Amino acid sequence: MGLIQSQERRGQLTKIERRMVQAMAERAQKVNVTLKTFNTFILKFPKIDASFEAVREVFNKADKNGDGSLDMEELKQCLQELQVEYSDQEIEEFHHESDMDASHGIQFKEFIVVLALIYLLGRPTHTGVESAIGLPDLEATFDEIAEAFVFFDRNKDGYVSKKEMIWAINEASPSGRHGHRIGVQRFEEMDWDKDGMITFKEFLFAFTDWVGLENDEEETGHNNVSLPF
């Protein structure tokens, strides 16, 4: 994806998406990426899955009516208990942004997205609180996934294009046309809204499938991927 396409796309983004693109572009400029190939990141999948599962109790506690999703009020109360303070309007924006299947409820995988957006956009309001969302192990996981995103984002514009995805996968497993096909397939799995580019939100949501994270009794209707490469 070229610079002109990136600029055109920015005019169509939600406020949170714009902030997230800018945050990831800034991270790409500052972070020293230690990943040599994406295969090295794959080795971290079990640890990432464990850190996701560790917050399931937080989600279940917040799900007062036990329907498997969080409505606006449940999410607000959950964030209050995590000592994360945002206005009602901001929480509504996070709720809407993370409702990947437009069900008007935040399921567990989408809850992971909510927490990631809040953490990476970071605006801690409690003095003396070292953990932005009260879940330091999960925050470390989000930093690792953000580094993987930056690894793919070669032009550092806050998006991952199909070309960048194919290039990184070919580098990880040089295999000619086979590598190209896998790159296209993985890109299509991540490109949730089919707009030809991947944002960090889409990138993260794909990982909830790739690392094996399970929802209790719901399916989002998107691709379930057991092995990423």
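Please refer to the structure placed before this passage.
The rules behind these values
- Residues numbered from 1 in each chain as written.
- Predicted model: local features only at pLDDT ≥ 70, side-chain atom pairs only at ≥ 80, totals over all residues.
- Heavy atoms only, no water.
- Buried < 20%, exposed > 50% of the residue type's maximum accessible area, 1.4 Å probe, protein only.
- Helix = DSSP H or I, 4+ residues; strand = E, 2+ residues; numbered from the N terminus.
- Core = buried A, V, L, I, M, F, W, Y, C linked by side-chain atoms within 4.5 Å.
- Contact = heavy atoms within 4.5 Å.
- Polar contact = N/O pair within 3.5 Å; in protein donor to acceptor, adjacent residues only side chain to side chain.

Engineer: Just to check I follow, could you spell out helix α12 (residues 200-210) for this structure?
Structural biologist: What sets the pattern is the α-helix's 3.6 residues per turn: residues three or four places apart point alike. Across the 11 residues of α12, 11 count as buried, placing the element largely inside the fold. Considered for burial, the residues of α12 that qualify are Phe200, Lys201, Glu202, Phe203, Leu204, Phe205, Ala206, Phe207, Thr208, Asp209 and Trp210. Gly212 sits one or two residues past α12 and shows a positive phi near 95°.

Engineer: Looking at this structure, how should I read unusual backbone geometry?
Structural biologist: Across residues other than glycine, the phi torsion is negative in most instances, and most of the peptide bonds are trans. The backbone phi angle of Gln83 is positive, close to 60°, even though this residue is not glycine. Structurally, the position occupied by Gln83 is in the loop between α6 (72-81) and α7 (88-98). The residue Ala102 is not glycine, and still its phi comes out positive at about 55°. Judged by its relative accessible area of 54%, Ala102 falls in the exposed class.

Engineer: Would you mind going over the nonpolar core with me for this structure?
Structural biologist: Taken as a class, soluble globular proteins show a tendency for nonpolar side chains to be buried jointly. With 65 residues, the main nonpolar core has Phe52, Phe142, Phe200 and Phe207 as its most contacted residues. The biggest single contributor to this core is helix α8 (residues 108-121), with 12 residues. In contact with Phe52, not counting residues within four places along its chain, are Phe108, Ile112, Leu138, Thr141, Phe142, Ile145, Leu204, Thr208, Val211 and Leu213.

Engineer: What is the right way to look at the side chain of Asp153 in this model?
Structural biologist: Tracing the backbone through its elements, the reader meets Asp153 in the loop between α9 (136-152) and β1 (160-161). Within the local environment of Asp153, its side chain forms a polar contact with the backbone nitrogen of Asp157, the two atoms lying 3.2 Å apart. A polar side-chain atom of Asp153 sits 2.9 Å from the main-chain amide nitrogen of Gly158. With residues near it in sequence (within four places) discarded, Asp153 still touches Ala28, Gly158, Tyr159, Val160 and Glu164.

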